[in-house]
Amino acid sequence: MKLNERSLVFYATCDSPADNAGFLYKRGERHTAYHRRWFVLKGNMLFYFEERESREPVGVIVLEGCTVELCDSAEEFAFAIRFSGTKSRTYVLAADSQAAMEAWVKALSRASFDYMRLVVRELEKQLEEMRWGCRHGPACCKARPLGMEHSLPALPTVPPKENGCAVWNNVPSMDQLHDGCDGDTNPRPPPLPPRRRASSGDTGVAEISTFCRLHERYGREVAQLRQDWQHRQCQHRP
Amino acid sequence: MRYNERELLSLSRQPAEKAAEILMRVPKKGSVLKKRLVKLVVNFLFYFRTDEAEPIGALLLEHCRITKEEENVFSISFIEEPERKYCFECDSEEQCQEWIEALKRASYEFMRRSLIFYRNEIQKMTGKDPLEQFGISEEARFQLASRKQ
């Protein structure tokens, strides 16, 4: 399969900010020796360079559909990028420290385009609902100008669970949104991201639960990794 | 550049955001318009010979420019080589516009900008950071200040 390689190289090396970057040891495909490489994460693409100053990446790992796990390895601070499918390769990487490992695992497990899209849709929905609530609420804000002392009531907050994952069930009710709408001075939003055209019922409820499930899953993975590490730290203490 | 081809192949088989048979021309000397099955999945545009299971190629849609050319035609080019254009001729002007809109929004970078915008808007309206409940408010990629334009 051809790839627009030159553009990929540009994407990897241009000065757009990376989502994470650093040295990692990468286990070779055929031999189990680890090679130190400079890794750069941009979006759902994980590039790796021979050296930090190299002009072109040696390779790239497309992260869509992967899971990130701790793995048993003689190497300390090791983790694996796994794909489903019988013949898929597993990439085994190792960081220099616990903190670096955790940072990479967190960044990589949330790097997929799908995850980003779900988060964007959730926020888009929240914003739409807030504005729609303003227009149709009992004390419609269009009728009166608002002074600065009117602040929007906050959406109900759900305290985050320990792993940072929380269940989202805060569809705002009408009476919460009727004051404080700043409809006149809000700038217009960018065009909405594309909606997936699903063949069967793509209701808002389905989207929420899909996002929750996905987010739960990511959160659980990270929580599990942390737990495993903590367990191992206890074991290693003299 | 090495890449995980198996996973990319697998991605090309997943349900597409948009797919159609379109005439396509690659930016190579002497190339002509050919009928291709063009499929948009996440931020990749795959193109297949019709009735083949494996794509001929894939375009990563980051830092690209989507341009309306003449009637029914749009092109994709990449910012580091703006003269090299992948051209697509649609069946109708309507189809052409739909593809342009879909492709403009198909990049990770576009979504990131949208997310930051919505986050900011919601924060302004409610005083609360909507990313907090998802445990991702501290992530560098969602920060307003860090993005260079």
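Residues numbered from 1 in each chain as written. Chains lettered and ligands numbered in written order. Predicted model: local features only at pLDDT ≥ 70, side-chain atom pairs only at ≥ 80, totals over all residues. Heavy atoms only, no water.

Caption draft 1: Main features of the side chain of B:Glu121. Within the fold, B:Glu121 resides in helix H3 (residues 108-126). Within the structure, B:Glu121 has its side chain in polar contact with the side chain of A:Arg131 (distance 3.3 Å). (Helix = DSSP H or I, 4+ residues; strand = E, 2+ residues; numbered from the N terminus. Polar contact = N/O pair within 3.5 Å; in protein donor to acceptor, adjacent residues only side chain to side chain.)

Caption draft 2: The arrangement of the pattern of salt bridges in detail. Considering all chains together, one arrives at 16 salt bridges over all chains under this definition. In this structure, the salt-bridge partner of B:Glu93 is B:Lys68, at a minimum N-O distance of 3.1 Å. Taken as a pair, B:Glu93 in helix H2 (residues 93-104) and B:Lys68 in strand S6 (residues 64-68) lie far apart in primary sequence, 25 residues in all. Among the residues examined, B:Glu93 registers a relative accessible area of 28% and is labelled partly exposed. The partner of B:Arg112 in a salt bridge is B:Glu109, with the nearest N and O atoms 2.9 Å apart. Of this pair, B:Arg112 and B:Glu109 are both found in helix H3, three residues apart, which corresponds to roughly one turn of the helix. For B:Arg112, a relative accessible area of 1% puts it in the buried group. According to the relative accessible area criterion, B:Glu109 is buried, its value standing at 12%. Overlapping salt bridges, with partners in common, bring together A:Arg6, B:Glu81 and B:Arg84 in one network. (Salt bridge = Lys/Arg side-chain N within 4 Å of Asp/Glu carboxyl O. Buried < 20%, exposed > 50% of the residue type's maximum accessible area, 1.4 Å probe, protein only.)

Caption draft 3: Structural detail: the packing of aromatic side chains. All names here are of chain A. What the rule picks out here adds up to 10 aromatic pairs over all chains. Aromatic pair Tyr11 and Phe47: ring centres 6.1 Å apart, planes at 80°, arrangement edge-to-face. One end of the pair, Tyr11, is in helix H1 (residues 5-13); the other, Phe47, is in strand S4 (residues 45-49), with 36 residues separating them in the sequence. In terms of burial, Tyr11 and Phe47 fall into one category: buried. What links up through ring pairs into an aromatic cluster is the set Phe39, Tyr48 and Trp104. Lys42 extends its terminal NZ or CZ atom over the ring of Tyr11, reaching a point 5.8 Å from the ring centre. (Phe/Tyr/Trp six-rings, centres within 6.5 Å; stacked < 30°, edge-to-face > 60°. Lys NZ or Arg CZ within 6 Å of the ring centre and 35° of its normal.)

Caption draft 4: Layout of the sheet that holds strand S6 (residues 66-70) of chain A. Ordered by their spatial adjacency, eight strands build an open sheet running S6(A)-S7(A)-S8(A)-S2(A)-S3(A)-S4(A)-S5(A)-S1(B), and the pairing between neighbours is mixed. Each edge of the sheet is formed by a strand with only one pairing partner; in this case those strands are S6 of chain A together with strand S1 (2-3) of chain B. Where strand S7 (residues 78-83) of chain A meets strand S8 (residues 91-94) of chain A, four bridges bridge the pair, whose relative direction is antiparallel. If you follow A:Phe79 over to S8(A), its bridge partner there is A:Leu93. Running over the sheet, H1(A) touches strand S3 (34-42) and S4 of chain A and is turned about 85° from S4(A). (Pairing = 2+ DSSP bridges. Contact = heavy atoms within 4.5 Å. Axes fitted to C-alpha atoms, helices over the stretch in contact; angles between N-to-C directions.)

Caption draft 5: Quick look at the interface of chain B and chain A. The partner chain A presents 75 residues to the 63 residues of chain B that form the contact. Roughly 6,400 Å² of surface becomes buried between chain B and chain A when both sides are summed, with 63% attributable to carbon and sulfur atoms. In this structure, B:Glu81 and A:Arg6 form a salt bridge, with 2.9 Å as the shortest nitrogen-oxygen distance. Across the chain B-chain A interface, the total number found is 19 residue pairs in polar contact (both at pLDDT 80 or more). Those elements giving two or more residues to the side of chain B that touches chain A turn out to be S1, helix H1 (5-12), strand S4 (44-49), strand S5 (57-60), strand S8 (81-89) and H3 of chain B. A per-class count over the side of chain B that touches chain A returns 32 nonpolar, 10 polar and 21 charged. Relative to S5(B), strand S1 (residues 2-3) of chain A is paired through two bridges, and the arrangement is parallel. Bridge pairing links A:Lys2 to B:Gly57 in S5(B). (Buried area = accessible area lost by both parts, 1.4 Å probe. Nonpolar A, V, L, I, M, F, W, Y, C, P; charged D, E, K, R; others polar.)

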